Amino acid sequence: AKDKGRNAYQFYNHKMGVLVEERAEIEHALHQALAQGELELHYQPKVNLVSGKIYGMEALLRWRRPGIGLVPPDRFIPLAEETGMIIAIGEWVLRTACAQLGVWHAYGFAHLTMAVNVSARQFRQVDMPQLVRAVLADCGVPAHCLELELTESVLMQNRDLVVRALEQLKEIGVTLALDDFGTGYSSLSYLKQFPIDVVKIDQSFIHDVTDSVDGASLTRSIIAMAKSLHLATVAEGVETEGQLGFLNTNHCDAMQGYYFSRPLPGAEMDLMLYAGTRL
Ligand code: C2E
Ligand code: CA
Ligand code: CA
Ligand code: CA
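Residues numbered from 1 in each chain as written. Chains lettered and ligands numbered in written order. Predicted model: local features only at pLDDT ≥ 70, side-chain atom pairs only at ≥ 80, totals over all residues. Heavy atoms only, no water.

Going by the annotation in an unreviewed UniProt entry, the name recorded for the protein chain is Diguanylate cyclase, with Janthinobacterium svalbardensis given as the source organism.

Visitor: An account of the packing of aromatic side chains is requested, with residue identities and associated values reported.
Guide: Enumeration over the complete set of coordinates arrives at five aromatic pairs. Aromatic side chains tyrosine 43 and tryptophan 104 sit 5.2 Å apart centroid to centroid with 75 degrees between the ring planes, which places their arrangement in the edge-to-face category. Of the two residues, tyrosine 43 is situated in strand β3 (residues 39-48) and tryptophan 104 in helix α3 (residues 86-106); the sequence distance between them amounts to 61 residues. Here tyrosine 43 and tryptophan 104 have matching classes, each one buried. With centroids separated by 5.5 Å and ring planes inclined at 80 degrees, the aromatic side chains of tryptophan 63 and phenylalanine 76 adopt a geometry described as edge-to-face. Placement of the pair is tryptophan 63 in strand β4 (residues 54-65) and phenylalanine 76 in the loop between β5 (69-71) and α2 (77-83), with a sequence separation of 13 residues. Residue tryptophan 63 is classed as buried on the basis of its relative accessible area, which comes to 2%. Look at phenylalanine 76 and you get buried, because its relative accessible area is 1%. Here a set of aromatic residues connected by ring pairs shows up, and it is made of Tyr107, Phe109 and Tyr274. Sitting over the face of the ring of tyrosine 258, arginine 262 holds its NZ or CZ atom 3.9 Å from the ring centroid. (Phe/Tyr/Trp six-rings, centres within 6.5 Å; stacked < 30°, edge-to-face > 60°. Helix = DSSP H or I, 4+ residues; strand = E, 2+ residues; numbered from the N terminus. Buried < 20%, exposed > 50% of the residue type's maximum accessible area, 1.4 Å probe, protein only. Lys NZ or Arg CZ within 6 Å of the ring centre and 35° of its normal.)

Visitor: Help me get a handle on the pairing of β3, residues and values and all.
Guide: Among the 10 residues of β3, nine are classified as buried, and the element is accordingly described as predominantly covered. Sheet topology places β3 next to β4; nine bridges connect them, and they run antiparallel. Across the sheet, glutamate 40 pairs through a bridge with arginine 62, a residue of β4. Taking the residues between adjacent antiparallel strands as the criterion, β3 and β4 are bridged by five residues, where glycine 52 takes a positive phi near 75 degrees. (Pairing = 2+ DSSP bridges.)

Visitor: Give a description of the coordination of the calcium ion (ligand 4) that names residues and reports values.
Guide: Coordination sphere of the calcium ion (ligand 4), protein contribution only: Asp180 (OD) and Asp180 (OD), at 2.8 to 3.0 Å. In this structure, the calcium ion (ligand 4) is positioned 6.0 Å from the calcium ion (ligand 2). By secondary structure assignment, the location of aspartate 180 is in strand β8 (residues 175-181). (Donors = N, O, S within 2.8 Å, 3.2 Å for Na, K, Ca; no water.)

Take a look at the structure:
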């Protein structure tokens, strides 16, 4: 729900109260971005809380717009979803992320996983199992190293179609993660009817664990509930040592956040991997 209503608005300059750019212009520019290589992926490490080691990455999309700079995904993904351009962009993301994973595997980081965010519209319009199978084969990476991050909105559309696609993806061997958990309306026990492996606890919960008793008990119960349903837990948006301590105490499985690393371009992530950074 927090993603709604942002679409057209963000193209207004709030300070000046003027329409900065027409939607059609941005749409045109986004087409060009894909064709001319202005899109790039940054990678944020996921760290196992027991070993303290990086076990995987999440690919996060950015648009390096000439004359403007690096545009974050919240500024253009809603438009890409509305216009359907997310189909082509989503395929580019999947291919680019898996190709990067193939390179890291070849460098010797063969244990690494790669997580890719997938929009609801992709599940409606694309045969995701077929696409995933093709991309994995092209990049030579094993299916169990690919994780797809889905939001509740993916699960709430055409249920039969989505369940079939998710079951096929599980047969291929892909890992499925539920993103932004806690921000939607469904309980974990309801969502468990979908073949999900991992729950990513939304950063709004993590933010609260050290400054409110309620925030702490809420997160504690999400972790406990996930464990009882045999789901792995990943905390998002971990920024402080206090939050990390809380997660360790409460046996969360993994974490991601600025406390360990911001999302970085592939070349910078190479350096971090070679340095063997640990939490
Ligand atoms: P998300 O999947 O929930 O990704 C987490 C967001 O939190 C990322 O923002 C990440 O940079 C940010 N983040 C990570 N650690 C911290 C932290 O410690 N503190 C704070 N405050 N933020 C942190 P980003 O990269 O701007 O992405 C925003 C959203 O855009 C993503 O949320 C995801 O929903 C969407 N997105 C990004 N890449 C793609 C993509 O390739 N395809 C699709 N469909 N959506 C994408
Ligand atoms: Ca995500
Ligand atoms: Ca998230
Ligand atoms: Ca999000």
